[in-house]
Amino acid sequence: MYTLKADNVLIFALMDDYVEQIELTHTVPEGLVLELPLSMQGEKTVKISGGCVPQSKDGAEVARVCNFSWGKKQIVKDVRFESN
């Protein structure tokens, strides 16, 4: 299971069979707001996208390799989670 947490608060969770490609869209509100710097990339909306694809050996899944981008910036690059 893959989870996204902020300040130790669960935002969402996905089973590993559903994380090959995901996309979240955030719209920056008008006016004076507090936003994460990664959300402020010059556009009204920013997407968090990516996923974790399986790697197999001898017909069995042995790992997942994850890549995610926040707008134009890559925030996770080739992180490999091995399964036992």
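Analysis parameters
Residues numbered from 1 in each chain as written. Predicted model: local features only at pLDDT ≥ 70, side-chain atom pairs only at ≥ 80, totals over all residues. Heavy atoms only, no water. Pairing = 2+ DSSP bridges. Helix = DSSP H or I, 4+ residues; strand = E, 2+ residues; numbered from the N terminus. Axes fitted to C-alpha atoms, helices over the stretch in contact; angles between N-to-C directions. Patch = residues over 30% accessible without salt bridge, like charges linked within 9 Å, V, L, I, M, F, W, Y side chains within 5 Å. Areas by Shrake-Rupley, 256 points an atom, 1.4 Å probe, with all protein chains shown as cover. Salt bridge = Lys/Arg side-chain N within 4 Å of Asp/Glu carboxyl O. Contact = heavy atoms within 4.5 Å. Disulfide = S-S within 2.5 Å. Buried < 20%, exposed > 50% of the residue type's maximum accessible area, 1.4 Å probe, protein only.

Now for the sheet that holds strand β5 (residues 60-70). Pairing is antiparallel in the open sheet, where four strands are placed in the order β3-β4-β5-β6. Strand pairing shows two members of the sheet lacking a second neighbour, β3 (22-27) and β6 (73-82), which therefore form its edges. Here the average twist between neighbouring strands, direction ignored, is 15°. Strand direction decides the pairing type here: β3 and strand β4 (residues 45-57), joined by six bridges, are antiparallel. Pairing of L24 across the sheet is with I48, part of β4.

Quick look at unusual backbone geometry now. Peptide bonds are, in most cases, trans, and in most cases residues other than glycine have a negative phi. You will see that N8, though not glycine, has its phi angle at about 65°, which is positive. Summarising the element assignment, N8 is placed in the loop between β1 (2-6) and β2 (9-14).

What follows is about a nonpolar patch on the surface. Taken together, L4, V9, I11 and L24 make up a surface patch of nonpolar side chains, about 330 Å² in accessible area. Within the element layout of this structure, V9 appears in strand β2.

Its place among the elements puts S39 in the loop between β3 and β4. With residues near it in sequence (within four places) discarded, S39 still touches H26, V28, V46 and W70.

Turning our attention to the state of the cysteines. Simply put, the disulfide is a covalent bond whose two ends are the sulfur atoms of two cysteines. Inspection of every chain in the model, using the stated rule, returns one disulfide. Disulfide partner of C52: C66, at an S-S distance of 2.0 Å. Here C52 and C66 share a disulfide; its torsion about the S-S bond, 115°, makes the bridge right-handed. Note that C52 is positioned in strand β4 and C66 in strand β5, a separation of 14 residues in sequence. The burial state of C52 is the same as that of C66; both residues are buried.

Functional significance is not addressed by these values, which are geometric in nature.
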